[in-house]
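A closer look at the structure
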Amino acid sequence: MSRQTKSTLTYKSPFSKAYWRDAAMELKDTKMLVFAALMIALRLVLKTFVVIPLAPNLNINTAFLANALGAMTFGPVMAGICAVITDVLGFLLKPVGVYFVPFVLTEVAGSVIFALFLYRAKVTPARVMLSRFCICFFVNVLLQAPIMMWYNAVTVGSSSYVLTIPGIVKNLFMFPIESVVLTLFLRVMLPITNRLGLTYGGNAKDNLRFSNKQVALLVVLLVVGAASVFGYLNYHYQTTSLSAAYSTQERIAANQSMQEILLEEGSVSGEPVTIVESAMKPFLGSEITYTVGVYEVTGEYSEEMWKLSKSKAAKDENLTRVGTAEIVVNSKTGETLSYSYTPQPPEE
């Protein structure tokens, strides 16, 4: 079908046969197919390589910009197909874990939601905000939960799953930011796509201006999101040991550095093996509190002992626990700020 004979109508809502007929007809438009291929490529690049770390377990993926632009241009039918292709190719380019087919539902749902709000419509900040809200809440939070339960049941034999705090906080914090960024992005791109005959819907600069009420709402949401992130980070640092993320070399270095401090303090004699059991660092603080298991080698000594974690050291037949040390170190200077040692009570 030629571009000249294709309908250029816009719709107030997607609830009409004409809307879906036009969306299906995009599959016959060569220009749209080429543009869809470009959006798939751009989305793969952004999804795979342009990830901005925000905080522990919180990352920003910029691929939603290409996803929204594509869905707005070629509609929900092609958007769903592109989402499937992007998901499969993304895994092939950067495989992580096991490919679980139901996860593609989240990709499809996000793309289709963008299209339902933005395709063949007068694109306004309200539509952009609503599309992003629906994706954050219905897809990233609610839809993700049963899929994760299904995934856990298949891979680990347990269907238990709790909505993660990082995931909820990320969506709460990122929603106002992503809404503003996406609105500004589309404000730049819409005049271009209009001139190319890919989209229809009036003057983007006039349509995509935030009202005072919308600005106030976004500011309030941003403050709430920022407070949530601060609360999450405070909770994360209070409950998560740094040692849980140690690499083998980091664990060896930490265990051996604790031995040096222990010997300097003169609490034990000989050459004890010290195992970092936890390393707690407050949010925005520089002090790390180490809980250290102190062991005497009662069997055959091995350099491999320095790689052990708390659970593995407790099960090692060549080690006998003789005490526990609490050591506070300044992470910036390496200075020992406080030290205490408690001998292991004798077994009755």
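Residues numbered from 1 in each chain as written. Predicted model: local features only at pLDDT ≥ 70, side-chain atom pairs only at ≥ 80, totals over all residues. Heavy atoms only, no water.

Quick word on the packing of helix α1 (residues 17–25) against helix α3 (residues 63–93)
Definition in use: Angles shown run from 0 to 180 degrees and are taken between the N-to-C directions of axes, each axis being a line fitted to C-alpha atoms and, for helices, limited to the stretch in contact. Helix numbers and strand numbers start at the N terminus; a helix is a DSSP run of H or I with at least 4 residues, a strand a run of E with at least 2. Note on terminology: angles under 35 degrees are roughly parallel, angles over 145 are roughly antiparallel, angles of 65 to 115 are roughly perpendicular, and the others are oblique. Note on contacts: a residue pair is in contact if any heavy atoms of the two residues lie within 4.5 Å. Note on residue categories: nonpolar means Ala, Val, Leu, Ile, Met, Phe, Trp, Tyr, Cys or Pro, charged means Asp, Glu, Lys or Arg, and polar means any other residue, Gly included.
Two elements in contact, α1 and α3, have axes whose closest approach is 7 Å; the angle formed by their N-to-C orientations is 90°. Considering their axes alone, α1 and α3 lie roughly perpendicular with respect to each other. Judged by residue contacts, Y19, W20, A23 and A24 of α1 engage F74, P76 and V77 from α3. Classifying every residue of the contact of α1 with α3 by side-chain character gives seven nonpolar, no polar and no charged.

Let's talk about the pairing of strand β5 (residues 319–330)
Basically, it comes down to this: Pairing between two strands requires that DSSP report at least two bridges joining them.
In this sheet, β5 lies alongside strand β4 (residues 287–297) in antiparallel orientation, the contact comprising eleven bridges. Paired with Y290 across the strands is I327, a residue of β5. Examined bridge by bridge, β5 and strand β6 (residues 336–343) share seven bridges and lie antiparallel to one another. In the sheet register, G323 faces β6, and the bridge partner there is P343. Taking the residues between adjacent antiparallel strands as the criterion, β5 and β6 are bridged by five residues, where G334 takes a positive phi near 80°.

A short note on the packing of aromatic side chains
Short version of the rule: The aromatic pairing rule takes the rings of Phe, Tyr and Trp, using the six-membered ring of Trp, and pairs them if the centres are within 6.5 Å, calling planes under 30 degrees apart stacked, those over 60 edge-to-face and the rest tilted. Residue burial is assigned from relative accessible area. The probe radius is 1.4 Å, only protein chains are included, and a residue is buried under 20% of its type maximum, exposed over 50%, and partly exposed in between. Only Lys NZ and Arg CZ are tested; either one counts as a charge over a ring when it is within 6 Å of the ring centre and within 35 degrees of the ring normal.
Applying the stated criterion to the full structure yields 14 aromatic pairs. With centroids separated by 5.7 Å and ring planes inclined at 80°, the aromatic side chains of Y11 and Y19 adopt a geometry described as edge-to-face. The class of Y11 is buried, set by a relative accessible area of 13%. Three or more aromatic residues joined by ring pairs make a cluster, and in this case those are Y11, Y19, W20 and Y119. Over the ring of F64 we find R132, and its NZ or CZ is 4.9 Å from the ring centre.

A look at the pattern of salt bridges
Note the cut-off: Basic side-chain nitrogens of Lys or Arg form a salt bridge, by our definition, when they fall within 4 Å of a carboxyl oxygen of Asp or Glu.
One pass over the structure, following the stated rule, counts seven salt bridges. D22 serves as the salt-bridge partner of R120, at 3.1 Å between the closest nitrogen and oxygen. One end of the pair, R120, is in the loop between α4 (104–118) and α5 (125–155); the other, D22, is in helix α1, with 98 residues separating them in the sequence. Of the charged contacts, one joins E107 and R43 as a salt bridge, the two residues approaching to 2.6 Å between their closest N and O atoms. With a gap of 64 residues between them, E107 in helix α4 and R43 in helix α2 (residues 30–49) connect regions that are remote in the sequence. On the accessibility criterion, R43 (7% relative accessible area) is buried. When salt bridges that share partners are traced, they join D22, E26 and R120 into one network.

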